[in-house]
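Survey of secondary and tertiary structure
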Amino acid sequence: MDNRDGVGSTPEGRKRRPTRRSRPSAQPAKPGRPAQSGQSGPSARPAGQDAKPARPAGQDAKPAKPAAPAGPAEPGEPPRSQATEPGKSSKSARSTRPAQSAQSAQSARPAQPARSREEGRPRAAKPRAPKPRPAGSAAPRFAKPLTTASMLGWTALSAVVPGAAHLRAGHRRTGLALISVYAVLLLGLLAYGLTVAGDLSNATFLVRDGAMVGVIAVTSILALAWFALLVTSYVVLGPSRLNMQGQVVSGIVVGVLCVAVMSPFALTANVAMGARDAFSIFPTHHDPEVPQTVQNPEDPWNGRDRMNFLLVGGDAAGNRTGVRTDSMNVASVDVRTGATVLFSLPRNLQHVRFPASSPLHKQFPNGFMAELPNGGLLNEVWQYANDHPELMGGRNKGPRALMDAIGHTLGLKIDYYALMNMYGFADLVDAIGGLRIHVEQDVKWGGLYGTAGTIRAGDRKLTGEQALWYGRSRVGSDDFSRMARQRCVIGAFAQQATPTVILANFNKLAGAAKRAAQTNIPRDLLQPLMDLALKVKDAKITSLQFVPPHFYPGNANWAKIRQATKRAIINSTRPARQAQTANVSASPSAPASASTPATTRAAAPTQTPTRNSQKSSEAESLDQLCG
């Protein structure tokens, strides 16, 4: 039977199934698209209402809206909603077929009870199950919580590799930035170290006063920077997550680590300050009697080929008045090659002359104290000038008077002098760890009979005191013998005081030099002087003593002394003979190099150098003289 709406009704005796109420759709169906089953837009008509008649053919009609499902149809009878209404086009009929078939399928389903309000609400999304990992792949690993030991380890690693702790804590940008800056600084320092290792003259600029101030400032900044780096590295690791005991222990250890990291920078700054203090012996003011230095880095010696330095060993003991210059040597250095000639003058050289420019020339026209047959020794000139400022035109003119006398004697212009107290020299030897010297025969020292001790023959490493008395003792010998030993000590010190040894013991050397040294070398020449010293170390060193039997100090032949000096300088510029080494060995006792023919040395030394050791009036190599 049909109801008035034309929809099939349920036969008698059968109850109508309750229709499922469709939920309103969130979005209305678009025109021309069939409505989905179980949904009704806001414009859908309820069941039981008449549908609007279709528009006449030929007019653009909107797609018909599907009617709400009215229940199941009779068996064997198709639903009326599937029939095409008269007047509608076949296109409209085809568009309604999907909706009708969906309604038929829905009507065929068994009835379900109505949903409650809770069931109508949107359900929470279920967690997705993890995707299965491929065979062989490891599960993700997460960092374990830091313990006290691991936190201290990462903090200590940051002292060597800045940024390591930041990377461990997850601060990747900061950690990578710190590592990059550290790598750049390390590479720059390594490059400079390689250039210095190849040529030590590249490091001589550090002796400048401005460079030393810069070193002090840079090392202080780096010390503070490393301190801040360790503290921040420790903080980013989160020490607050440790227990109370771990926080206390780690804090104390990190504090000690900060002090340890700052120590090298503090030591470098201390060395620079000590060097700056020690270099105060070099005067900064201009001395009218010292030649004016030319500020020309390419030619600091003002066109000179040789520079002459007077090296004086003073014997100013506490029980003596004034300074007695017991050791006097002139080092004539070729500024191009570093080839050096040492001229040793005896302390008892009598009646030296002075040049016409010296104030003492008028006082002693015939020689220093020529009226005294046994007086007028060379070692008295310094103190005499200091004791008579009215003759010299000022106080402390002893160095100038001695430079004039020795320069006139040798026929050289003495440019600068350096005085070292004998006991200060012993401190210098102790500062470098002693001197290795080959002792030809036993040397007794102390008192008139050598009761203080004996330096045994053989290859010995002498302490400062022993080296001092080895060069000063006259027990069983004379002044000429100890002059020969003195030049061996000077040569040994020059060769064994390498740049590495000097840097390792710089504070001790600087302290000893400041206490016992005196010079008129201006500070402006300090860097060129360091460059020249490096050349001298690797160059040939020869020595000439003005001692008997070729030179007699009591009745000196001044012309012969000047001629011997000139020949020695000329010979020093010639290449060394193949029979002898071109360079002075690292120490007087060092063996010859492989390229030098080996010489056979007697098993037992026969004698110490005496006045007869110099067999000719020509300069000889220190290798030959000192062994």
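Residues numbered from 1 in each chain as written. Predicted model: local features only at pLDDT ≥ 70, side-chain atom pairs only at ≥ 80, totals over all residues. Heavy atoms only, no water.

1. A few points about the overall build of the protein
When its secondary structure is counted, the protein shows 19 helices and 11 strands. For the protein, buried positions account for 37% of its 627 residues. Summarising the internal contacts of the protein: among those between residues at least 6 apart in sequence, 71% fall at separations of at least 24. Just so you have it, the protein exposes about 37300 Å², and 57% of that area is on carbon and sulfur atoms. (Helix = DSSP H or I, 4+ residues; strand = E, 2+ residues; numbered from the N terminus. Buried < 20%, exposed > 50% of the residue type's maximum accessible area, 1.4 Å probe, protein only. Contact = heavy atoms within 4.5 Å. Areas by Shrake-Rupley, 256 points an atom, 1.4 Å probe, with all protein chains shown as cover.)

2. Overview of the side chain of Thr340
Here Thr340 shows up in strand E3 (residues 340–345). At 2.9 Å, the side chain of Thr340 and the backbone oxygen of Gly338 are in polar contact. Setting aside residues no more than four positions away along its own chain, Thr340 makes contact with Ala331, Ser332, Val333, Val536, Lys540, Ile541 and Thr542. (Polar contact = N/O pair within 3.5 Å; in protein donor to acceptor, adjacent residues only side chain to side chain.)

3. Description of the packing of aromatic side chains
Enumeration over the complete set of coordinates arrives at 14 aromatic pairs. Ring geometry for Phe343 and Phe546: centres 6.3 Å apart, planes at 15 degrees, overall stacked. Of this pair, Phe343 sits in strand E3 while Phe546 is found in the loop between strand E10 (541–545) and helix H18 (558–572), placing the two residues 203 residues apart along the sequence. You'll find Phe343 and Phe546 in the same group, each marked buried. Between the aromatic rings of Phe368 and Tyr384, the centroid separation amounts to 5.6 Å while the plane-to-plane angle is 75 degrees, which identifies the pairing as edge-to-face. Here the residue Phe368 occupies a position in the loop between helix H8 (359–363) and helix H9 (381–387), and Tyr384 occupies one in helix H9, the gap between them amounting to 16 residues. When its relative accessible area of 0% is taken as the criterion, Phe368 is described as buried. Judged by relative accessible area, Tyr384 falls into the buried class, the value being 14%. (Phe/Tyr/Trp six-rings, centres within 6.5 Å; stacked < 30°, edge-to-face > 60°.)

4. Quick word on the sheet that holds E10
Strands in a sheet are paired, the pairing made by backbone hydrogen bonds, and the direction either parallel or antiparallel. Taken in spatial order, the 7 strands of this open sheet run E9-E4-E1-E2-E3-E10-E11, and their pairing is mixed. This sheet does not close on itself; its edge strands, each paired only once, are strand E9 (517–519) and strand E11 (620–621). Pairing geometry for strand E4 (residues 416–421) and E9, over 3 bridges, is antiparallel. Residue pairing across strands places Met420 opposite Ala517, the latter belonging to E9. (Pairing = 2+ DSSP bridges.)

5. Looking at the pairing of E3
Counting buried residues along E3, 6 of its 6 residues qualify, which places the element largely inside the surrounding structure. Residue alternation in E3 divides its side chains into two sets, Thr340, Leu342 and Ser344 and Val341, Phe343 and Leu345, and both sets are buried. Where strand E2 (residues 325–334) meets E3, 6 bridges bridge the pair, whose relative direction is antiparallel. The residue of E3 that forms the bridge with Val330 is Phe343. With antiparallel pairing between neighbouring strands as the criterion, E2 and E3 make up a hairpin whose turn holds 5 residues, including Gly338 at a positive phi of roughly 85 degrees. Where E3 meets E10, 5 bridges bridge the pair, whose relative direction is parallel. Residue pairing in the sheet places Val341 in a bridge with Thr542 of E10.

6. Notes on the environment of Val333
With respect to the helices and strands, Val333 occurs in strand E2. Looking at Val333, the relative accessible area reads 5%, which means it is buried. The sequence separation of Val333 and Arg306 amounts to 27 residues, and the corresponding C-alpha distance is 5.4 Å. Beyond its immediate chain neighbours, meaning those up to four positions away, Val333 contacts Asp305, Arg306, Met307, Phe309, Gly338, Ala339, Thr340, Leu532 and Val536.

7. As for the pairing of E2
With 10 of 10 residues buried, E2 lies mostly within the body of the structure. With 9 bridges joining them, strand E1 (residues 306–314) and E2 adopt antiparallel strand pairing. Within the sheet, the bridge partner assigned to Gly313 lies in E2 and is Ser327.

8. Quick word on the nonpolar core
Counting 40 residues, the largest nonpolar core has Leu310, Phe343, Leu378, Leu402, Ile406, Leu410 and Phe546 as the members making the most contacts within it. Mapped onto this core, the elements with two or more residues apiece are E1, E2, E3, H9, helix H11 (398–410), E4 and H18. In terms of residue count, H11 provides more of this core than any other element does, 6 residues in total. Setting aside its immediate chain neighbours within four residues, Leu310 contacts Asn329, Val330, Leu402, Met403, Ile406, Ile414, Tyr416, Tyr417 and Ala418. Among the nonpolar cores identified, the runner-up in size contains 24 residues, and Val207, Phe282, Tyr416 and Ile541 belong to it. (Core = buried A, V, L, I, M, F, W, Y, C linked by side-chain atoms within 4.5 Å.)

9. Quick look at the pattern of salt bridges
In this structure the tally under the stated criterion is 9 salt bridges. For the salt bridge of Arg304 with Asp415, the shortest nitrogen-to-oxygen distance reads 2.8 Å. With Arg304 in the loop between helix H7 (244–278) and E1 and Asp415 in the loop between H11 and E4, this pair connects stretches of sequence that are 111 residues apart. A residue is classified by how much of its surface remains accessible, and Arg304, at 29% relative accessible area, is partly exposed. A single network of salt bridges, built from pairs that share partners, joins Arg304, Lys413 and Asp415. (Salt bridge = Lys/Arg side-chain N within 4 Å of Asp/Glu carboxyl O.)

10. A short note on the packing of helix H6 (residues 209–236) against H7
It is at 8 Å that the axes of H6 and H7 come closest, and there the two elements cross at 175 degrees. The angle between H6 and H7 falls in the class roughly antiparallel. A breakdown of the residues in the contact of H6 with H7 according to their chemical character gives 21 nonpolar, 5 polar and 2 charged. (Axes fitted to C-alpha atoms, helices over the stretch in contact; angles between N-to-C directions. Parallel < 35°, antiparallel > 145°, perpendicular 65-115°, else oblique. Nonpolar A, V, L, I, M, F, W, Y, C, P; charged D, E, K, R; others polar.)

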